[in-house]
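# Structure assessment
The lines below spell out each chain.
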Amino acid sequence: MGCNFEILSENEYGYIGKCTCCEEFNFAYKNLLITFSEEHLFHFSDWLISNQNNPDFLFDLPHGKSRIYRSPAENLFITFDVDELQELSQLFTETKLVLEARKIVTPE
């Protein structure tokens, strides 16, 4: 059986997909691509969404960006606007639903 990459959820600006060989998930959005295990993907999504209104993450930047997230790399930050966070929330929610449905249909 060969390796495949499957898109679990997508929109105009990105997708969440999974490699069937290594079980890694790709989170791609605009010019950002991050790979995760399933557990870390959903920790990341929970962190993004739960902090979207956290005052510590709010800072108005040029071009409408107003949410700043510090990455584990000291000099790397990820910025989003409110609409982008809504789009990301939808991607993560759809991905969770697809994965849950698969677990119901094909129990291990």
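First, a word on scope: everything that follows refers to the structure included in this document. Being a predicted model, the structure only gives us computed values, none of them experimental.

Glancing now at the sheet that holds strand β3 (residues 25–29). Taken in spatial order, the four strands of this open sheet run β1-β2-β3-β4, and their pairing is antiparallel. Across the chains shown, the open sheet's two edge strands, defined by having one partner strand only, are β1 (5–11) and β4 (32–36). Taking the axes of each pair of neighbouring strands and ignoring which way they run, one obtains an average angle of 15° across the sheet. Here five bridges tie strand β2 (residues 14–19) to β3, and the two strands are oriented antiparallel to one another. In the strand pairing of β3, G17 is matched with N26. Its contacts with the sheet put helix α1 (residues 38–50) on β2, β3 and β4, and the angle it makes with β4 is roughly 130°. Contacts from helix α2 (residues 82–105) reach β1, β2 and β3, with the element oriented near 140° to β1.

Our focus in this paragraph is α2. Across its 24 residues, α2 extends 35 Å between first and last C-alpha, which sits within 8% of the 34 Å expected from 1.5 Å per residue. Those residues of α2 not exposed but buried are E84, L85, L88, S89, L91, F92, T95 and L99. Looking at the buried positions of α2, the neighbouring elements they touch are β1, β2, β3, α1, β5 (67–70) and β6 (77–80). The N-capping residue of α2, defined by a side-chain oxygen 3.1 Å from the backbone nitrogen of D83, is D81.

Before going further, it helps to spend a moment on unusual backbone geometry. At E23, a residue that is not glycine, the phi angle is positive and equals roughly 65°. Summarising the element assignment, E23 is placed in the loop between β2 and β3. The exposure class of E23 is partly exposed, given its relative accessible area of 41%. In this structure, H63 takes a positive phi of about 65° despite not being glycine.

A few words on the packing of aromatic side chains. All chains considered together, the criterion is met by twelve aromatic pairs. Between W47 and F57, the ring centres sit 6.2 Å apart and the planes meet at 75°, which makes this aromatic pair edge-to-face. Highlighted residues: W47 in helix α1 and F57 in the loop between α1 and β5, separated in sequence by ten residues. The exposure class of W47 is partly exposed, given its relative accessible area of 28%. Residue F57 is classed as buried on the basis of its relative accessible area of 15%. The rings of Y13, F27, Y29, F36, F44, W47, F57, Y69, F80 and F92 are connected pair by pair, giving a single aromatic cluster. The ring of Y13 is capped by K30, whose NZ or CZ atom sits 4.6 Å from the centre of that ring.

Here is what the cut-offs are and how they apply
- Residues numbered from 1 in each chain as written.
- Predicted model: local features only at pLDDT ≥ 70, side-chain atom pairs only at ≥ 80, totals over all residues.
- Heavy atoms only, no water.
- Pairing = 2+ DSSP bridges.
- Helix = DSSP H or I, 4+ residues; strand = E, 2+ residues; numbered from the N terminus.
- Axes fitted to C-alpha atoms, helices over the stretch in contact; angles between N-to-C directions.
- Contact = heavy atoms within 4.5 Å.
- Expected span 1.5 Å × (residues − 1).
- Buried < 20%, exposed > 50% of the residue type's maximum accessible area, 1.4 Å probe, protein only.
- Polar contact = N/O pair within 3.5 Å; in protein donor to acceptor, adjacent residues only side chain to side chain.
- Phe/Tyr/Trp six-rings, centres within 6.5 Å; stacked < 30°, edge-to-face > 60°.
- Lys NZ or Arg CZ within 6 Å of the ring centre and 35° of its normal.

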